[in-house]
Amino acid sequence: MQIDASPTKEFFIEMLTRDIPLDRAILDLIDNSVDAAQSNEVANPEVRLTLNKDEFLISDNCGGIPENVAKEYAFRFGRPKERENTPFSVGQFGVGMKRTLFKLGNQFEVKSNHNNSAFSVNVDVQDWKDLNEWKFNFQELAEREIPNGTTQILVQDLFASVSEQFDLDNFIYQLGSECSIAHFKAINNGLKIFINDQLVDNFEIKLKTSDSLTPIRNEFEKSEVKVTLTAGISERKLKEGGWYIVCNGRLIAAAEQTPITGWRHDGIPQYHPDYAYFRGVIEFDADNSSFLPWTTTKTGVDKDNPVYKAALFEMKKAMREVIPFLRARAKEDKDFKDDMIDSKPLNSAIEEAEMLLTGEIPNNISFKYPETAERKVRATEATIQYKVPLDQLNTVKKSLGVATNYEVGQETFNYYIEYECK
């Protein structure tokens, strides 16, 4: 006798969608477009999203989905073992598109045309739940029904919570900001993302570089993953300081300021306004994206991943070089204010250095900064001068039994020290 342990579709969908925020789920669909553009070598990729309280639409010109991929892999829940990886992809786990569609609403349609071979998959989620089979209906389309190289995904009958958020200007703005940061490398390489016809801004990470002030940049490999570390000084912005973690071009953590990236650990201090100049970017690139240290929702780093542990060791080394400089910079400010030094070479180096994109910084360079200013030698003696009535001065001379003005000043000062200060 056997017991049926197969999951219900309701349970499966609930578990699939419950732990990913709505904006992050939408980013998963853009991940697929980025992968497609790379795989199909599209010259000018574009992704367009339309969101309102009634529907969600995403379309791209990134090459389309091959028919065999659609039939055998794209709509499977999870990545089959026999499925070949897309080199350096950001769609690793085989759940992104399905998870997002189930999170958005009750009705979705996917249309795509790759090399003039077009298809559609149309699903009514409530009807599909009632079926015993875990299959979707696939329909071939005439190639003219959708432009070649295009993929379109339309979701209607949105869930009430989704519809409410899509109707908020703040959500649309926040989604644009998330897209800008998450896909900053693809955008800086030419990808255009539009949300309700508004072009998403590009996000840049830049470091100060000059002859006297240079960042750190080095590379190493660990378990078939190439790791690139860049760290140094940027603009002083408290909320933007910290580490940026990138996997195959997809940013998964921004301005990270916790022990996950070494802060407040192993002698490294807690993040502080004095360290708001600090920027570090750690990039992981792998042909097989399953080796990358990210979570399934791409919202954080897998800190137990051996590749990340090796990277964290190097990140801490970099922080131990940059943070003492930032402490010295803050001390330099105070010493200048207290008239202990005549110049501020550390602060001047920051102000005068050029801002370079991290990708423009040459490999294998070390952190360098100017010598600190020499502190002044404090004087141990001072001269006191003041005027008094002449008759009073002569009276004091007679009382003290001295003949010169200097002796009057010395004796009266000594008297005050002896009897008033002690």
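Residues numbered from 1 in each chain as written. Predicted model: local features only at pLDDT ≥ 70, side-chain atom pairs only at ≥ 80, totals over all residues. Heavy atoms only, no water.

Trainee: Go over the sheet that holds strand E6 (residues 151-158), please, and point to the residues and values.
Mentor: Within the open sheet, the 8 strands sit side by side as E5-E4-E3-E6-E2-E1-E7-E8. Their pairing is mixed. Edge positions in the sheet fall to strand E5 (138-141) and strand E8 (198-199), since each of these pairs with one other strand and no more. Bridge analysis of strand E7 (residues 192-195) against E8 gives 2 bridges, and the strand direction is antiparallel. Residue pairing for E8: Phe 194 is matched across the bridge by Leu 199. Here helix H7 (residues 169-182) sits on the sheet in contact with strand E1 (46-51) and E7, set at roughly 170° to E7. (Pairing = 2+ DSSP bridges. Helix = DSSP H or I, 4+ residues; strand = E, 2+ residues; numbered from the N terminus. Contact = heavy atoms within 4.5 Å. Axes fitted to C-alpha atoms, helices over the stretch in contact; angles between N-to-C directions.)

Trainee: Tell me about the sheet that holds strand E12 (residues 242-247), residues and numbers included.
Mentor: The strand order E10-E11-E14-E12-E13 describes an open sheet built from 5 strands, whose pairing is mixed. In this open sheet, the two edge strands, each paired with only one partner strand, are strand E10 (216-222) and strand E13 (250-256). The sheet shows a mean angle of 15° between the axes of neighbouring strands, direction not considered. Sheet topology note: the strand E11 (residues 225-233)/strand E14 (residues 278-285) ladder contains 8 bridges and is antiparallel. Across the sheet, residue Thr 228 finds its bridge partner in E14, namely Glu 283. Where helix H9 (residues 306-337) meets the sheet, it contacts E10, E11, E12 and E14, and its direction lies at approximately 15° from that of E11.

Trainee: Now, about the environment of Asn 52: what can you tell me, with residues and values included?
Mentor: Within the secondary structure, Asn 52 sits in the loop between E1 and strand E2 (55-60). Spatially, the C-alpha atoms of Asn 52 and Leu 168 are 8.7 Å apart, while their sequence positions differ by 116 residues. Leave out the neighbours within four places in its chain, and Asn 52 touches Leu 158 and Phe 166. A polar contact is formed between the side chain of Asn 52 and the backbone nitrogen of Asp 54, at a distance of 2.8 Å. For Asn 52, the side chain forms a polar contact with the main-chain nitrogen of Glu 55, separated by 2.9 Å. (Polar contact = N/O pair within 3.5 Å; in protein donor to acceptor, adjacent residues only side chain to side chain.)

Trainee: Could you give me a rundown of the environment of Ala 37, with the residues and numbers involved?
Mentor: Mapped onto the elements, Ala 37 comes out in helix H2 (residues 22-39). Each C-alpha atom of the pair Ala 37 and Ala 118 lies 17 Å from the other, and the pair is 81 residues apart in sequence. Setting aside anything within four residues of it in sequence, one finds Ala 37 in contact with Val 42, Pro 45 and Cys 62.

Trainee: Break down a nonpolar patch on the surface for me, citing the residues and quoting the values.
Mentor: Residues Ile 384, Tyr 386, Val 388, Phe 413 and Ile 417 make up a contiguous nonpolar surface patch of about 500 Å² in total accessible area. Residue position: Val 388 is located in the loop between strand E15 (354-357) and helix H11 (390-400). (Patch = residues over 30% accessible without salt bridge, like charges linked within 9 Å, V, L, I, M, F, W, Y side chains within 5 Å. Areas by Shrake-Rupley, 256 points an atom, 1.4 Å probe, with all protein chains shown as cover. Salt bridge = Lys/Arg side-chain N within 4 Å of Asp/Glu carboxyl O.)

Trainee: Describe in detail the side chain of Asp 31, supporting the description with residues and values.
Mentor: Following the sequence through the fold, Asp 31 ends up in helix H2. A distance of 2.8 Å separates the side chain of Asp 31 from the side chain of Arg 250, its partner in a polar contact.

Trainee: So what's going on with the state of the cysteines? Which residues, and what values?
Mentor: One pass over the full model with this rule turns up 0 disulfides. Cys 62 provides the cysteine sulfur closest to Cys 179, a residue in no disulfide bond, and the two sulfurs are 13 Å apart. A relative accessible area of 0% places Cys 179 in the buried class. (Disulfide = S-S within 2.5 Å. Buried < 20%, exposed > 50% of the residue type's maximum accessible area, 1.4 Å probe, protein only.)

Trainee: Break down the side chain of Arg 329 for me, with residues and values.
Mentor: Checked against the element boundaries, Arg 329 lands in helix H9. Classification of Arg 329 as buried rests on a relative accessible area of 2%. A polar side-chain atom of Arg 329 sits 2.9 Å from a polar atom in the side chain of Asn 347. Ignoring any residue separated from it by four or fewer positions in sequence, one finds Arg 329 in contact with Arg 236, Asp 274, Tyr 277, Leu 346, Asn 347 and Ile 350.

Trainee: Tell me what's going on with the pattern of salt bridges, and back it up with residues and numbers.
Mentor: Within this structure, the stated rule accounts for 20 salt bridges. With a shortest N-O distance of 2.9 Å, Asp 333 and Arg 329 are connected by a salt bridge. Highlighted residues: Asp 333 and Arg 329, both in helix H9, separated by 4 residues, approximately one helical turn. We note a salt bridge from Lys 331 to Asp 335, for which the minimum N-O separation is 3.0 Å. Taken together, the positions of Lys 331 and Asp 335, both in helix H9 and 4 residues apart, correspond to about one turn of that helix. Look at the salt bridges and you will find they share partners, linking Glu 46, Arg 48 and Asp 197 into a network.

Trainee: I'd like a description of the packing of H11 against helix H12 (residues 405-421), backed by residues and values.
Mentor: The angle between the axes and the distance between the axes are what describe a pair of packed helices. At their nearest, the axes of H11 and H12 sit 10 Å apart, and the two run at 70° to each other. Taken as axis vectors, H11 and H12 run roughly perpendicular relative to one another. Crossing hand, H11 versus H12: left-handed. Between H11 and H12, the contacting residues are Leu 393, Val 396, Lys 397 and Leu 400 on the first element and Asn 405, Val 408, Glu 411 and Thr 412 on the second. Across the contact of H11 with H12, the residue classes break down as 4 nonpolar, 2 polar and 2 charged. (Parallel < 35°, antiparallel > 145°, perpendicular 65-115°, else oblique. Left-handed = near helix turned anticlockwise from the far one by under 90°. Nonpolar A, V, L, I, M, F, W, Y, C, P; charged D, E, K, R; others polar.)

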